Amino acid sequence: MATTDRQATTLALAHALSAAERGLAVLPLSRTKLPALRSPHRDDPDPSPCHGECGRLGHGVYDASSDPARIRELFAAAPWATGYGIACGLPPHHLIGIDLDVKTGTDSSAALRELALRHLFTIPPTVVVVTPSGGRHLWLSGPPDVVVPNSAGRLAPGIDIRGAGGYLVGPGSRTGQGVYAAAPGTAHLPPAPCPRSLLRLLLPPPRAHHPTPPATGGHGQGLVQFVLAAHEGQRNTRLFWAACRAYEDGIGPALVDALVEAARGTGLSEREARATIASAARLTGHRP
C-alpha cells in the first residue's frame, strides 16, 4: 500500500472516531464512496437477507457503529479504506442528509430555496459538508418516531435525501474525486432539527385523495384570506405560497382571479400578482 493511502486510512479512522464521539455511527468507505468491506454472502448461491445477524463484517451501513473498539475493528479489516460513512436515521440524532448535487446540471440550491419559500421554512444553522464536485450535504436531525426514506430527485431535481438505511460521506474522507470537508464555521455545530414543513415533504406521499371541489369554496376562501392578511414585505411570499397550495389541491385555475384581487388589495399590481401566480403554477407542474 502506498504511503499516501496509509495516511488517508489513518486520517479517515481519526475522523471516524471523532464523529463517533458525537454519537454518530460510522463505517469505513473505499475511494469509490462504497462500503470498504465486501458482503460475506456475495458467493452464496441463494443468499437470504442479512443485516449482520450472521456476526460477520461486510453488511454495509448495518456495520455502522459509534463504539471505538468496533470502529477500529472495521478499519483493521479494511486497511484500504480512505473515508468513512455516517449512518442516517439512528439515535441519538436520527440524522437526515440533504444532498445538493451539482453534477446534474440543475441548480439544486435554488430549488431548495424555492421549496423553502413555497412551504415557508428556513434551514437553520447546521453542519454543511462540501463535496469534491462542489455540492453540499446539509445535516438535519429528525424526530425519533419518524422514519425518513432515502430518495433521489423526488423532492426536486438535484436534491437527494439520505434517511434510514442510507449514509453520508463524512468530512475528512478522501475519494477518487477529492476530499470532503466541513464548510467553515459549521464543523462543531450539532445537526439542527429538521423544519416540520420540510419533514412532511421528506415522508412518503400520502395516498391519493379527492381534492375539495372549488364549488365548496372553503379552502379557497382561506387561501384568499391568507393573502389579504399580508403585510408589506410578505405580499409576494404569501401570494406565492397560496397559489402553490391552490394548484396542488386542484383549485388553482378557479382561484386565480380571486387571488389576484386579494393581492391587489395588499398593494401589488395585477401584473405582479399574475406573474407570481404563474410562477407557482410552473413550479407545481401546471400550465399558467
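Before reading further, recall that the structure is shown in the block above.
Residues numbered from 1 in each chain as written. Predicted model: local features only at pLDDT ≥ 70, side-chain atom pairs only at ≥ 80, totals over all residues. Heavy atoms only, no water.

Q: In this structure, what is going on with the packing of aromatic side chains? I would like to understand it.
A: To describe a pair of aromatic rings, you give the distance between the ring centres and the angle between the ring planes. Taken as a whole and assessed by the stated rule, the structure comprises 1 aromatic pair. Geometrically, the ring pair formed by Phe 226 and Trp 241 is tilted, given 4.7 Å between the ring centres and 45 degrees between the ring planes. Of this pair, Phe 226 sits in helix 5 (residues 218–228) while Trp 241 sits in helix 6 (residues 235–248), and the two are 15 residues apart along the sequence. Here Trp 241 falls in the buried class, since its relative accessible area comes to 16%. The ring of Phe 226 has Arg 238 lying over it, and the distance from NZ or CZ to the ring centre is 4.2 Å. (Phe/Tyr/Trp six-rings, centres within 6.5 Å; stacked < 30°, edge-to-face > 60°. Helix = DSSP H or I, 4+ residues; strand = E, 2+ residues; numbered from the N terminus. Buried < 20%, exposed > 50% of the residue type's maximum accessible area, 1.4 Å probe, protein only. Lys NZ or Arg CZ within 6 Å of the ring centre and 35° of its normal.)

Q: Any chance you could explain the pattern of salt bridges here in plain terms?
A: In a structure, side chains of opposite charge can pair up when their charged atoms sit close to one another. Here the structure, examined in full by the defined rule, presents 7 salt bridges. Where Arg 118 meets Glu 248, a salt bridge forms, and the shortest distance between an N and an O atom there is 2.1 Å. Of this pair, Arg 118 sits in helix 3 (residues 108–119) while Glu 248 sits in helix 6, and the two are 130 residues apart along the sequence. Taking relative accessible area as the criterion, Glu 248 reaches 34% and is therefore assigned partly exposed. Residue Arg 274 pairs with Asp 257 through a salt bridge whose shortest N-O separation is 3.2 Å. (Salt bridge = Lys/Arg side-chain N within 4 Å of Asp/Glu carboxyl O.)

Q: What is the right way to look at the packing of helix 7 (residues 252–266) against helix 8 (residues 270–283) in this model?
A: A packed helix pair is summarised by two numbers, namely the angle formed by the two axes and the spacing between the axes. At a minimum axis separation of 9 Å, helix 7 and helix 8 run at an interaxial angle of 130 degrees. What the angle tells us is that helix 7 and helix 8 run oblique. The handedness of the crossing between helix 7 and helix 8 is right-handed. Note on element contacts: helix 8 touches helix 7 through Glu 270, Ala 273, Arg 274 and Ile 277, opposite Val 256, Asp 257, Leu 259, Val 260, Ala 263 and Arg 264. (Axes fitted to C-alpha atoms, helices over the stretch in contact; angles between N-to-C directions. Parallel < 35°, antiparallel > 145°, perpendicular 65-115°, else oblique. Left-handed = near helix turned anticlockwise from the far one by under 90°. Contact = heavy atoms within 4.5 Å.)

Q: It is not clear to me how the environment of Gln 177 should be interpreted in this structure. Could you clarify?
A: Mapped onto the elements of the fold, Gln 177 is located in the loop between strand 8 (167–169) and strand 9 (181–182). Looking at Gln 177, the relative accessible area reads 60%, which means it is exposed. Taking C-alpha positions, Gln 177 is 15 Å from Val 129, a pair spaced 48 residues apart along the chain. Residue contacts for Gln 177: discarding those within four places in its chain leaves Lys 33 and Pro 132.

Q: How should helix 8 be read in this particular structure?
A: Working note: α-helix, 3.6 residues per turn, so residues spaced by three or four point in the same direction. Taking 1.5 Å of rise per residue, 14 residues should cover 20 Å, and helix 8 covers 20 Å from first to last C-alpha, within 8% of that figure. Taken together, the buried positions of helix 8 are occupied by Ala 273, Thr 276, Ile 277, Ala 278, Ala 280 and Ala 281. Summarising the contacts, the buried residues of helix 8 are in contact with helix 6 and helix 7. One or two steps after helix 8, the chain reaches Gly 285, where phi turns positive at roughly 85 degrees. (Expected span 1.5 Å × (residues − 1).)

Q: I tried to follow the nonpolar core on my own but got confused; where do I start?
A: Taken as a class, soluble globular proteins show a tendency for nonpolar side chains to be buried jointly. Counting 32 residues, the largest nonpolar core has Val 26, Ile 71, Phe 75, Tyr 84, Ile 86, Leu 95 and Trp 139 as its most contacted members. Mapped by element, the contributors of at least two residues to this core are helix 1 (3–21), strand 1 (26–29), helix 2 (68–77), strand 2 (83–87) and strand 8. If one sorts the elements of this core by residue count, helix 1 sits on top with 5 residues. Beyond its immediate stretch of four places on either side in the chain, Phe 75 contacts Thr 9, Ala 12, Leu 13, Ala 16, Pro 28, Ala 81, Gly 83 and Tyr 84. Counting residues in each nonpolar core, the second largest holds 23 residues, with Leu 223, Ala 246, Tyr 247 and Ala 280 among its members. (Core = buried A, V, L, I, M, F, W, Y, C linked by side-chain atoms within 4.5 Å.)

Q: I keep staring at the packing of helix 6 against helix 8 and nothing clicks. Help me out?
A: At their nearest, the axes of helix 6 and helix 8 sit 8 Å apart, and the two run at 45 degrees to each other. The orientation of helix 6 relative to helix 8 falls into the category oblique. For the crossing formed where helix 6 meets helix 8, the hand is right-handed. Listed contacts from helix 8 to Asn 236, Leu 239, Phe 240, Ala 243, Cys 244 and Tyr 247 of helix 6 are Ala 273, Thr 276, Ile 277, Ser 279, Ala 280, Ala 281 and Leu 283. Split by residue class, the contact of helix 6 with helix 8 holds 10 nonpolar, 3 polar and no charged. (Nonpolar A, V, L, I, M, F, W, Y, C, P; charged D, E, K, R; others polar.)

Q: I'm lost on the sheet that holds strand 8 in this one. Help?
A: One key point about sheets: their strands pair by backbone hydrogen bonds, in either a parallel or an antiparallel sense. Judged by pairing direction, the sheet is antiparallel, and its 3 strands sit side by side in the order 1-2-8 without closing on themselves. In this open sheet, the two strands that pair with only one neighbour each are strand 1 and strand 8. Pairs of neighbouring strands in the sheet enclose a mean axial angle of 35 degrees, with direction left out of account. Relative to strand 8, strand 2 runs antiparallel, the two being bridged by 3 bridges. Bridge assignment links Ile 86 to a residue of strand 8, and that residue is Leu 168. Contacts between helix 2 and the sheet are confined to strand 1 and strand 2, with strand 1 contributing the most and set at about 15 degrees to the helix. (Pairing = 2+ DSSP bridges.)

Nothing here speaks to function; it is geometry throughout.
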